[in-house]
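Okay, here's what each chain looks like letter by letter:
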Amino acid sequence: VQLVESGGGRVQAGGSLTLSCAASGRSTAAVGWFRTPPGKDREFVAAVTWIGGVTSYGEFVNGRFTISRDNAKSTVFLQMNSLKREDTAVYSCAASADSMAALKANPALNYWGQGTQVTVSS
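Below is a short write-up of the structure.

What counts, and where the lines are drawn
Residues numbered from 1 in each chain as written. Predicted model: local features only at pLDDT ≥ 70, side-chain atom pairs only at ≥ 80, totals over all residues. Heavy atoms only, no water. Phe/Tyr/Trp six-rings, centres within 6.5 Å; stacked < 30°, edge-to-face > 60°. Helix = DSSP H or I, 4+ residues; strand = E, 2+ residues; numbered from the N terminus. Buried < 20%, exposed > 50% of the residue type's maximum accessible area, 1.4 Å probe, protein only. Lys NZ or Arg CZ within 6 Å of the ring centre and 35° of its normal.

### Concerning the packing of aromatic side chains
Move 1: The tally for this structure, following the rule as stated, stands at three aromatic pairs.
Move 2: Ring centres 5.6 Å apart and planes at 70° place the aromatic pair F34 and F44 in the edge-to-face group. Note that F34 is positioned in strand β4 (residues 30-36) and F44 in strand β5 (residues 43-49), a separation of ten residues in sequence.
Move 3: Judged by its relative accessible area of 3%, F34 is buried.
Move 4: On the basis of relative accessibility, which here comes to 15%, the residue F44 falls in the buried class.
Move 5: Put simply, the rings of F34, F44 and W112 pair up and form one aromatic cluster.
Move 6: For the cation-ring pair, R35 lies above F60, with the distance from its terminal atom to the ring centre recorded as 3.7 Å.
Move 7: Lying over the aromatic face of F34, R42 brings its terminal NZ or CZ to 5.9 Å of the ring centre.

Shown next, in the form of structure tokens:
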């Protein structure tokens, strides 16, 4: 599985960004995003299943982010609104061949993209 992210960059607080993750190779069950803020541990952001479009979000999201997928293009999108400085992080796309639960619970078994930097400035 190959995951190619795009869409990161710098934005002012309150602004919006959309991240994309294009998947190729073997089929997977779920694709999502994790992030690693500076000096902190990696945390789950959001995920979606290819079949059914079931979504899951990290608690900190609070309705600000929306994950979606385009099955025809094998691409997942993360629309991020009302960005805060604390959203600054490296955002990494991940995929699990097993399930969304596995993607969240066993990140060491996920397929990973290279990561993209999101910087939110005040």
